[in-house]
Amino acid sequence: MDKLKQLMEQRDALLADMKVLNEERKFEEFDSKEQELRAVENEIRMLQIADGMTPSDEGGEEEVRTIDTEVRLALETGKEVDITNIEMRDMGMTSPAASGNTSVSVLGKQTFASYILKKLPELCRLYAAIRKEPLGGASHAIPVQKNKIGKFVNVKEFAEYAKQNADYDQIKLEAQKYGTLVVISEEALTDTGYSLEADVREQIEEGYAATIEGLIVHGDATVGVEGLESISDADGAIKVTQAKAGAITIEEIEKIYKALPRKYRKNAIWIFNDETAQTLAALKDGQGRPLLYNSLNGEPFGDGSLLLGRPVIVTDEMAGTASTGATGNKVIFFGDLQRALVVGPRKSMTIKRSEEAGFLNDTVVLKANTRLDIKKAMCEAMAYYESK
């Protein structure tokens, strides 16, 4: 108990030091103190668990649970931990005081589930562009517009209004389970000088983003997750077929653009892979000048560029014209992703450790699970280019 009391006093002293450092804008020293704080909090939690204590047993105050302490708990005890509502702490923030030019320390709080859903648009541009309907339970039915109403018409005095039906379909999003395994060496687990928890958290974030990106493109037919590749002209999407195998022309790009109804173009994006981006970058006019860039001083054509005034997203999940079995592949999409697809990420995530999986090579495996779904919506808002 004396050891626990000593650690808690050390934690209080570190927090006081961090408050002063933040006010003095000494951020490098602040970061160093924060690392010390995390190590002390982890040790406190482990001692409490070993002693059979709960956070309220000491001092009457509930301990703040953070993602790093929970990851460490899962690694060291093997218990399955629900990290959905674990608090993320951002202690380097400041905000203006009510008066004067001084700043006050701000403790920004949000759950890990909320944090990762906010972080996903930075890690996956396709996720940023798609309609999002977070799932609150095992399933969720949402209305999706089937058609747009037409123009307002002139109404004569005492005449009836012209009727225009706004049709909606019900789309049911199911919470499909996806998971990953993070393999960690036992040496890294015992290395107190390395922030293993932050590394695991980063891997979970990046793995979730990669999963979302793959599902947005490919879907998962085994569980009914519908991606871009499931969209076809049978759903109302507009198909443009490649004129010559292995070649893309600027005329075909313009054809794709014009094939999409004008009402969807203002929010439309281009989606293709890096191979297709390089093929388009090589297009030249009759005098041998590149069509898509004017100087070698800027960034090459690709992710983040504009094509016919609309943004480009490059993803390796898309097929290319030179891909194996390229015939019939959808190699370019152009449309309003907000209307064409809807993703339902569920605010839930659990982690659990296993030693058995890595027994023969001295590794520890951390399993992370989450749930989500993707469904097609208004497919007429999407045009696609199919290889020949």
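About the criteria used
Residues numbered from 1 in each chain as written. Predicted model: local features only at pLDDT ≥ 70, side-chain atom pairs only at ≥ 80, totals over all residues. Heavy atoms only, no water. Buried < 20%, exposed > 50% of the residue type's maximum accessible area, 1.4 Å probe, protein only. Helix = DSSP H or I, 4+ residues; strand = E, 2+ residues; numbered from the N terminus. Arc of directions from axis to C-beta. Contact = heavy atoms within 4.5 Å. Polar contact = N/O pair within 3.5 Å; in protein donor to acceptor, adjacent residues only side chain to side chain. Core = buried A, V, L, I, M, F, W, Y, C linked by side-chain atoms within 4.5 Å. Pairing = 2+ DSSP bridges. Axes fitted to C-alpha atoms, helices over the stretch in contact; angles between N-to-C directions. pLDDT = per-residue confidence, 0-100.

**Description of helix H8 (residues 250-259)**
So, step 1. Those residues of H8 not exposed but buried are Glu 252, Ile 253 and Ile 256. An end-on view of H8 places all buried positions within 105 degrees of arc, on one side of the element. Exposed side chains of H8 directed beyond 90 degrees from the buried face belong to Glu 251, Lys 255 and Lys 258.
So, step 2. On its buried face, H8 is in contact with strand E8 (238-241), strand E9 (269-272), helix H10 (274-281), strand E10 (306-307), strand E12 (330-335) and strand E15 (382-386).

**Remarks on the side chain of Asp 373**
So, step 1. Looking at where Asp 373 falls in the secondary structure, it is placed in strand E14 (residues 363-376).
So, step 2. Within the local environment of Asp 373, its side chain forms a polar contact with the backbone nitrogen of Glu 174, the two atoms lying 2.7 Å apart.
So, step 3. Setting aside anything within four residues of it in sequence, one finds Asp 373 in contact with Lys 172, Leu 173, Glu 174, Gln 176, Gly 224, Val 225, Val 342, Val 343 and Gly 344.

**As for the nonpolar core**
So, step 1. One finds Tyr 127, Ile 212, Ile 216, Leu 228 and Leu 337 to be the most contacted residues of the largest nonpolar core, which totals 42 residues.
So, step 2. When residues in this core are grouped by element, the largest group, eight residues, is from helix H7 (residues 196-218).
So, step 3. Those residues in contact with Tyr 127 that lie beyond four places of it in its chain are Leu 117, Leu 120, Pro 121, Lys 132, Ile 212, Ile 216, Val 343 and Pro 345.
So, step 4. Within the second largest apolar cluster, 24 residues are counted, among which are Ile 256, Ala 277, Leu 307 and Tyr 385.

**Structural notes on the sheet that holds strand E11 (residues 310-314)**
So, step 1. The six strands lie next to each other as E8-E15-E12-E9-E11-E10, forming an open sheet whose pairing is mixed. A single partner strand is all that each edge strand has here, and the edge strands are E8 and E10.
So, step 2. Sitting on the sheet, H8 touches E8, E9, E10, E11, E12 and E15, and the angle it makes with E8 is about 170 degrees.
So, step 3. Across the face of the sheet, H10 comes into contact with E9, E10, E11 and E12 while running at roughly 110 degrees to E9.

**Observations regarding the confidence of the model for the chain**
So, step 1. Averaged over every residue, the pLDDT of the chain is 77; residues scoring 70 or more account for 69%.
So, step 2. Averaged pLDDT values for the elements of the chain fall to 42 in strand E2 (residues 87-96) and rise to 97 in E9.
So, step 3. A low-confidence stretch, residues 56-62 (pLDDT under 50), is modelled with nine contacts involving residues beyond four sequence positions or located in other chains.
So, step 4. Low pLDDT, under 50, characterises residues 90-109; the predicted model gives this stretch 34 contacts beyond four residues in sequence or across chains.

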